[in-house]
Amino acid sequence: DAGVIQSPRHEVTEMGQEVTLRCKPISGHNSLFWYRQTMMRGLELLIYFNNNVPIDDSGMPEDRFSAKMPNASFSTLKIQPSEPRDSAVYFCASSQQGAQPQHFGDGTRLSIL
Amino acid sequence: RKEVEQDPGPFNVPEGATVAFNCTYSNSASQSFFWYRQDCRKEPKLLMSVYSSGNEDGRFTAQLNRASQYISLLIRDSKLSDSATYLCVVVAPGGFKTIFGAGTRLFVKA
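Residues numbered from 1 in each chain as written. Chains lettered and ligands numbered in written order. Predicted model: local features only at pLDDT ≥ 70, side-chain atom pairs only at ≥ 80, totals over all residues. Heavy atoms only, no water.

> What should I look at first to understand the overall build of chain B in this one?
Across its full length, chain B holds zero helices and 11 strands. Starting at the N terminus and walking to the C terminus, you meet the elements of chain B as β-β-β-β-β-β-β-β-β-β-β. Relative to the globule expectation of 13 Å for 110 residues, the C-alpha radius of gyration of chain B, 13 Å, shows essentially globular dimensions. Across its three principal axes, chain B shows a C-alpha extent of roughly 45 × 30 × 20 Å. A total of 110 residues make up chain B; the buried ones form 46% of that total. Within chain B, residue pairs in contact and separated by at least 24 positions form 57% of the contacts whose partners lie at least 6 positions apart. On chain B, roughly 5400 Å² of surface is accessible, and the fraction owed to carbon and sulfur atoms is 48%. (Helix = DSSP H or I, 4+ residues; strand = E, 2+ residues; numbered from the N terminus. Rg over C-alpha atoms; globule rule 2.2 N^0.38 Å. Buried < 20%, exposed > 50% of the residue type's maximum accessible area, 1.4 Å probe, protein only. Contact = heavy atoms within 4.5 Å. Areas by Shrake-Rupley, 256 points an atom, 1.4 Å probe, with all protein chains shown as cover.)

Written out as structure tokens, the structure reads:
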């Protein structure tokens, strides 16, 4: 069975550039979560969706960050403009409903130079 | 006070040892609790859910103490393959907001 699919796996770009991270949740899962992980701050929940609707985006660090879920099988996390402090691993996770056991994608390793 | 706190370790134990991790949480109304495992440069994976009555899965036992607001994980007969970071997870009231602890690193040595 296909798990959560994230792309790209790695992204290196210069500061000021727009970055778009993509996620395909597991088919049939109704909830989707975006996380950011750094050594300093650990794993932080940025935003989560239920049935394609954003429920809580209070974890989004700044207005430079935005997330969308246009349909049940696709979500994006966008950073514009990017800054070096945005460098982290970004994970997408999905669950059947709510915070019931979540399945994580492989993550996107983002480096902003 | 952090919402979820864990001892970062590392815990260095020999094979066959029993090791226990604790995790405390601040919101007494928290709904659900889990332990996840994360290997180096990999994604977190669910290890087990934590129930008030306690639950066991092979060599792993999880306990929840609501009165004291802590969760524990016990690993018996440690294997080299148990070396990883163990993340305590607490779900806030409402059933969606998921808060991860910083993780406890475990190294099991031959």
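Read on for the rest.
> Can you help me understand the interface of chain A and chain B in this one?
A common measure of how large an interface is: the accessible area buried when the components associate. Across the boundary between the two partners, chain A contributes 20 residues, which contact 15 residues of chain B. Roughly 1500 Å² is buried in total at the junction of chain A and chain B, and carbon and sulfur atoms are behind 60% of that figure. Summed over the shared surface of chain A and chain B, the number is zero salt bridges. Between chain A and chain B we count four residue pairs in polar contact (both at pLDDT 80 or more) in total. Contributions of two or more residues to the side of chain A that touches chain B are made by strand E4 (31–38) and strand E5 (42–50) of chain A. (Buried area = accessible area lost by both parts, 1.4 Å probe. Salt bridge = Lys/Arg side-chain N within 4 Å of Asp/Glu carboxyl O. Polar contact = N/O pair within 3.5 Å; in protein donor to acceptor, adjacent residues only side chain to side chain.)

> Just to check I follow, could you spell out the sheet that holds strand E6 (residues 55–57) of chain B for this structure?
Strand pairing in a sheet is mediated by backbone hydrogen bonds. Such pairs are either parallel or antiparallel. Residues and elements named next belong to chain B. Pairing is antiparallel in the open sheet, where five strands are placed in the order E1-E3-E8-E7-E6. The open sheet has two edge strands with one neighbour each: strand E1 (4–6) and E6. Averaged over all pairs of adjacent strands, the angle between their axes in this sheet comes to 20°, without regard to strand direction. Pairing geometry for E1 and strand E3 (residues 19–25), over three bridges, is antiparallel. From the neighbouring strand, Val4 faces E3, where its bridge partner is Tyr25. (Pairing = 2+ DSSP bridges. Axes fitted to C-alpha atoms, helices over the stretch in contact; angles between N-to-C directions.)

> Can you help me understand the sheet that holds strand E1 (residues 5–7) of chain A in this one?
Residues and elements named next belong to chain A. Pairing in this open sheet of four strands is antiparallel, and the strands run E1-E3-E8-E7 from one edge to the other. Edge positions in the open sheet fall to E1 and strand E7 (65–71), since each of these has one partner strand only. Averaged over all pairs of adjacent strands, the angle between strand axes in this sheet comes to 15°, irrespective of strand direction. Bridge analysis of E1 against strand E3 (residues 19–24) gives three bridges, and the strand direction is antiparallel. Bridge assignment links Ile5 to a residue of E3, and that residue is Lys24.

> Could you clarify how one ought to interpret the nonpolar core in this entry?
Generally speaking, soluble globular proteins have nonpolar side chains that are buried together. In terms of nonpolar packing, the biggest core is built from 24 residues, with Phe21, Trp35, Ile71, Leu73, Ile75, Tyr86 and Leu106 of chain B touching the most fellow members. For this core, the secondary-structure elements that each account for two or more residues are E3, strand E4 (32–38), strand E7 (60–65), strand E8 (70–75), strand E9 (84–91) and strand E11 (104–109) of chain B. The contacts of Leu106 of chain B, once residues within four sequence positions are left out, are Phe11, Val13, Val19, Phe21, Ile75, Asp82, Ser83, Ala84 and Tyr86 of chain B. Formed by 21 residues, the second largest nonpolar core is a distinct cluster that contains Ile26, Trp34, Ala67 and Met69 of chain A. (Core = buried A, V, L, I, M, F, W, Y, C linked by side-chain atoms within 4.5 Å.)

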